[in-house]
Amino acid sequence: MRLAIAYDVSDDTNRRRVYRTLERYGAWRQYSVFEIDVTKAERVELEDELESHIEPADGDRVRIYRLCQSCQDNTTDIG
């Protein structure tokens, strides 16, 4: 499954951990945004790992969007 993941993490150390975790799974697209292809099992592992790197009480957030095939086919890159 293809996912788009956006994150907002306040602490520099935690932000680097989130970035490096996502980098292992997929491609950096824009500042704080990755696109990745994972299996269901990998998604569970990824979510668990990301959760360990953030502090929700500090306002840290990770948002995961599943991209259906139709959505992928209709994606436009500009620039």
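Everything quoted here is computed from the prediction, not taken from an experiment.

A. Inspection of the layout of surface pockets at higher detail. One number sums up the size of the largest pocket: a volume of about 280 Å³. In this structure, the largest pocket is lined by Arg2, Arg29, Gln30, Val33, Glu35, Leu67, Cys71, Gln72, Thr75, Asp77 and Ile78. Listing elements by their share of the lining of the largest pocket, those giving two or more residues are β2 (26-30), β3 (33-37) and α3 (69-73). Here the residues of the lining of the largest pocket are counted per class, giving four nonpolar, three polar and four charged.

B. Expanded view of unusual backbone geometry. Phi is positive for Ser32, which is not a glycine, with a value near 65°. Within the element layout of this structure, Ser32 appears in the loop between β2 and β3. Judged by relative accessible area, which is 11%, Ser32 ranks as buried.

C. Representation of the sheet that holds β2 within the structure. Spatially, the four strands line up as an open sheet ordered β2-β3-β1-β4, and their pairing is antiparallel. Unpaired on one side and paired on the other, β2 and β4 (61-67) mark the two borders of the sheet. This sheet shows a mean twist of 25° between the axes of neighbouring strands, independent of strand direction. As defined by bridge partners, β2 adjoins β3 across four bridges and the pair is classed as antiparallel. Looking at β3, one finds that Gln30 is bridged to Val33. Contacts between helix α1 (residues 12-25) and the sheet are confined to β1 (2-8), β2 and β3, with β3 contributing the most and set at about 35° to the helix.

The rules behind each value
Residues numbered from 1 in each chain as written. Predicted model: local features only at pLDDT ≥ 70, side-chain atom pairs only at ≥ 80, totals over all residues. Heavy atoms only, no water. 1 Å grid on protein atoms, 1.4 Å probe; cavity = no way out; pocket = protein on both sides within 12 Å on 5 of 7 lines; lining within 4 Å. Points joined across faces, edges and corners; volume = space filled by probe spheres on them. Helix = DSSP H or I, 4+ residues; strand = E, 2+ residues; numbered from the N terminus. Nonpolar A, V, L, I, M, F, W, Y, C, P; charged D, E, K, R; others polar. Buried < 20%, exposed > 50% of the residue type's maximum accessible area, 1.4 Å probe, protein only. Pairing = 2+ DSSP bridges. Axes fitted to C-alpha atoms, helices over the stretch in contact; angles between N-to-C directions. Contact = heavy atoms within 4.5 Å.

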